[in-house]
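Structural features, examined
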Amino acid sequence: MLDDFFLRALLAGIGVAVTAGPLGCFVVWRRMAYFGDTMAHAGLLGVALALVFQVAPVIGVFAVTAAIAAVLLLLDRRRALSTDALLGLLAHGTLAVGLVLVALMTNVRIDLTALLFGDVLAVGVSDVVLIWAGGAVVLAGLAWFWRPLLADTVHPDLAAAEGMRPDRARAVLMLLMALVIAVAMKVVGVLLITALLIIPAAAARRLSATPEAMAVLASLTGALSVVLGLVASLQWDTPSGPSIVVAAVVLFGLGLVLPAFRIGR
Amino acid sequence: MDHVAAFPAPVGPLGETLVRLSGVGVQRSGRWLTRNVDLDVRPGEIVTLIGPNGSGKTTTAKIAAGVMRADEGRAETRPGLRIGYVPQKIVIDWTLPMTVRRMMTLTARHGPAEIDPALEAVGIAHLAEAEAQSLSGGEFQRALLARAMVRRPDLLILDEPVQGVDFSGEVTLYALIKRIRDETGCGILLISHDLHVVMAETDTVVCLNGHVCCRGTPQSVAENPEYLRLFGGRSASALAVYSHDHDHTHLPDGHIRNADGSITDGHARHHEHEHAHDHGHDHSPPHGQSRASQSGQGHA
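None of the values given here were measured: they were computed from a predicted structure.

Some thoughts on the overall build of chain A
Scanning chain A for helices and strands turns up 12 helices and zero strands. When the helices and strands of chain A are listed from N to C terminus, the series reads α-α-α-α-α-α-α-α-α-α-α-α. Over its C-alpha atoms chain A spans a radius of gyration of 18 Å, differing by no more than 12% from the 18 Å that the globule rule assigns to 265 residues. Along the longest, intermediate and shortest principal axes, the C-alpha atoms of chain A span 55 × 45 × 30 Å. Taken across its 265 residues, chain A has 51% of its residues classed as buried. Taking the intrachain contacts of chain A between residues at least 6 apart in sequence as the baseline, contacts between residues at least 24 apart amount to 75%.

Right, dumping it as structure tokens:
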């Protein structure tokens, strides 16, 4: 059963899940799920632009999502617009523009389904390397900025007063999210990346006593979802990306009925 | 104005001073939240800000804490100043698992040897492993104070540190704040949640109302004509009570006398709740044993 393509898919999926776990915790704690969605949807525009300018899709996705994040960060700081409406505008606006651009490009054949829902069974060795390298950068960045990020999550003013430079930490968080979206797109696609960020984190919540425990548990839950989802996808010939997300949802449900015990206390 | 002359606005070199605001003003959407605020906090000094809602207390504290930038004037801090901050309101999202113990190391690394005594000092050592979200208002305030304390700050900035705490808890917390000051020699900038209540150990009261309306020792501010005009009002002659917010704790005079952590000025009236029990008491201001009255500084 463990064909080469399946092994690569497992490695790629686990790499993304382990990275997405701790980052997803921040998305949950900071109530940024819609924010993450917006960035992910903008990823499609990134792919389209990458094709136009003939650069690697990963670079296009990273550049566009990071730019969107920067815009959101600036607008949020000025409290210029209702964030909710603004996010909706950007999320669907960029998605729509991306779809239109992709459709206009008749000279290249693009598998739109793969962009939207991922195609993890088609990842190559270079994709796996990219995912693990990008993941390592993201995890290292998170570890480096963990305390300021957490302090900012609890109370931005407190973090600022006590010298945590929360502005810087926030910018780093956005960059790391852009990076994760760029490398995760191949695995679950733009529409389901947020699911991989928030569902494992949500599943880990009840079983965790500290933020650190939740981060680790979210990674493990995500990795388990990937394994279960891919095996199921192979077994029943279901699409792999959605299968992974379904597995994560099932694990979340199981977590709800588990007796309450806490890890990390 | 004579009371300003008696307690002059801070001038001269910074020296030992922890934080100095000179002529600070903050503007938001064309409106001045606060203006012309002068303020010094020196080591071992307790400065209390009082004032009505929207008078710029929190804004002033945030500028002192370096969280907000002043639109005019200057905020200077001693180089390398270590600040401990207790914000007015913290809501820890329930999705964030956070034990009290973990909360202590939010902005710096500390070992149990530092954390345990701090929790002990505020009286919540037994809650060390509890979820922060499960604490009562008073317990949470204590945890916040312990967290700020653990940092061994040079300057402690406390924005309404006794809010949501019942009267006896309030007394304990004020006593604790005094002890922190006495033992560590840190300076404290404290915002009082009640316009009419000031911690007895306060060295300087700064009364804000969009600007510095008056300043001085607790006693002198209580007797300051401008303070009386703005906040003492008509009740000054009729009522003088320690009025306590929200929890309606009855405060027999004996209680107040034991309250070495807080004094009431003699002109308070309650402005939000009706306290039927307030009336008919004989109100000699119960700050007989406070530092303020011993200092002998009346208003000029």
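Let's talk about the overall build of chain B
Within chain B one finds 10 helices and 11 strands. Among the 300 residues that make up chain B, the fraction classed as buried is 49%. Taking the contacts inside chain B whose residues are at least 6 apart along the sequence as the reference set, 73% of them involve residues at least 24 apart.

Regarding the sheet that holds strand 3 (residues 46-50) of chain B
All names here are of chain B. Spatially, the six strands line up as an open sheet ordered 5-6-7-3-9-10, and their pairing is mixed. Two strands close off the open sheet at either side, each with one partner strand: strand 5 (83-86) and strand 10 (212-216). In this sheet, adjacent strand axes meet at a mean angle of 15° when their direction is disregarded. Pairing analysis gives four bridges linking strand 3 to strand 7 (residues 187-191), with the strands arranged parallel. By the bridge assignment for strand 7, I46 is matched with I188. Here helix 5 (residues 137-150) sits on the sheet in contact with strand 5 and strand 6 (155-159), set at roughly 170° to strand 5.

Points about the interface of chain A and chain B
Contacts between chain A and chain B engage 23 residues on the former and 20 residues on the latter. Secondary-structure elements contributing two or more residues to the side of chain A that touches chain B are helix 1 (4-29), helix 7 (146-154), helix 8 (156-161) and helix 11 (211-236) of chain A.

A few points about helix 7 of chain A
All names here are of chain A. In terms of burial, helix 7 is a largely internal element, seven of the nine residues being buried. For helix 7, every residue scored as buried is listed here: P148, L149, L150, A151, D152, T153 and V154. Buried residues along helix 7 sit against helix 1, helix 8, helix 9 (166-188) and helix 11.

With respect to helix 4 (residues 112-122) of chain B
Residue and element names in this part refer to chain B. Among the residues of helix 4, those classed as buried are I115, A118, L119 and V122. Here the buried residues of helix 4 occupy an arc of 95° about the axis, which is enough to place them on one side. Contacts from the buried residues of helix 4 go to helix 3 (100-103), helix 5 and helix 6 (167-184).

Some words on unusual backbone geometry
Here the phi dihedral of Q54 of chain A falls at roughly 55°; this positive angle occurs in a residue that is not glycine. In this fold, Q54 of chain A is placed in the loop between helix 2 (33-53) and helix 3 (57-78).

Quick notes on the sheet that holds strand 2 (residues 31-41) of chain B
Two pairing modes exist for strands in a sheet, parallel and antiparallel, and in both the strands are linked by backbone hydrogen bonds. Residue and element names in this part refer to chain B. Reading across the sheet, the three strands line up as 2-1-4 and stay open at both edges, with antiparallel pairing between neighbours. Where the open sheet ends on each side, the last strands, each with one partner, are strand 2 and strand 4 (72-77). Across the sheet, the axes of successive neighbouring strands diverge by a mean angle of 25°, strand direction being ignored. Of the strand pairs in this sheet, strand 1 (residues 19-28) and strand 2 are connected by seven bridges, and their pairing is antiparallel. Paired with R28 across the strands is R31, a residue of strand 2.

Re the environment of D84 of chain A
Residue and element names in this part refer to chain A. Structurally, D84 is set in helix 4 (residues 83-104). Here D84 falls in the exposed class, since 9 other C-beta atoms lie within 10 Å of it. Note: C-alpha distance between D84 and Y34 (50 residues apart in sequence) is 8.2 Å.

Remarks on the nonpolar core
If you look at the biggest cluster of nonpolar residues, it comprises 165 residues, and the most contacted ones within it are I181, A184 and L196 of chain A together with I157 of chain B. The element contributing the most residues to this core is helix 9 of chain A, with 14 residues. Aside from chain neighbours lying at most four places away, what touches A184 of chain A is V16, A20, I193 and L196 of chain A.

Digging into the packing of helix 2 of chain A against helix 4 of chain A
Residues and elements named next belong to chain A. Here helix 2 crosses helix 4 at 20°, and the two axes come no closer than 8 Å. Taken together, helix 2 and helix 4 sit at an angle that is classed as roughly parallel. In this structure, the crossing between helix 2 and helix 4 has a hand that is left-handed. Residue-level contacts link Y34, F35, D37, T38, H41, A42, L44, L45, V47 and A48 of helix 2 to L87, L90, A91, T94, L95, V97, G98, L99, L101 and V102 of helix 4. Taken together, the residues of the contact of helix 2 with helix 4 break down into 15 nonpolar, four polar and one charged.

Some remarks on the environment of V197 of chain B
Positionally, V197 of chain B belongs in strand 8 (residues 197-198). C-alpha of V197 of chain B to C-alpha of Q88 of chain B: the two residues are 109 residues apart in sequence and 17 Å apart in space.

Side note on the pairing of strand 9 (residues 204-208) of chain B
Residues and elements named next belong to chain B. Extensive coverage of strand 9 is indicated by the burial of five of its five residues. Taking every second residue as pointing to the same face, both faces of strand 9 are buried, with T204, V206 and L208 on one and V205 and C207 on the other. As paired strands, strand 9 and strand 10 are joined by four bridges and run antiparallel to one another. Along strand 10, the bridge assignment pairs L208 with V212. Counted along the chain from strand 9 to the antiparallel partner strand 10, the turn is three residues long, and its residue G210 has a positive phi close to 85°.

Cut-off values and rules
The numbering scheme is per chain: residues are counted from 1 as the chain's sequence reads. All chains are assigned letters beginning with A, and all ligands numbers beginning with 1, in the order in which they are written. It should be noted that, the model being predicted, local features are given only for residues of pLDDT at least 70 and side-chain atom pairs only at 80 or more, the latter also being counted only at that level, while totals for whole chains, interfaces and linings use all residues. Helix and strand definitions here come from DSSP, where helices need a minimum of 4 consecutive H or I residues and strands a minimum of 2 consecutive E residues; each element is numbered from the N-terminal end. Each radius of gyration reported is based on C-alpha atoms, and the globular scaling rule is 2.2 Å times the count of residues to the power 0.38. As a rule, residues whose C-beta atom has 12 or fewer other C-beta atoms within 10 Å are exposed, those with 20 or more are buried, and those in between are partly exposed; C-beta atoms are placed from the backbone. C-beta atoms are first placed from the backbone for all residues, and any pair lying within 7 Å is then listed as a contact. Strands were regarded as paired on the criterion that DSSP finds at least two bridges between them. Axis definition: a line fitted to C-alpha atoms, limited for helices to the stretch in contact. Angles are taken between N-to-C directions and run from 0 to 180 degrees. Note that the arc is computed from the directions linking the helix axis to the C-beta atoms. A set of buried Ala, Val, Leu, Ile, Met, Phe, Trp, Tyr and Cys residues, joined to one another through C-beta atoms within 7 Å, is what we call a nonpolar core. In this scheme, roughly parallel covers angles under 35 degrees and roughly antiparallel covers those over 145, while 65 to 115 is roughly perpendicular and the rest are oblique. Helix crossings get a hand from a simple test, with the near helix turned counterclockwise from the far one by less than a right angle marking a left-handed crossing and a clockwise turn marking a right-handed one. When residues are sorted by character, Ala, Val, Leu, Ile, Met, Phe, Trp, Tyr, Cys and Pro go into the nonpolar class, Asp, Glu, Lys and Arg into the charged class, and all the rest, Gly among them, into the polar class.

So far we have only geometry, and geometry alone does not tell us how the molecule works.
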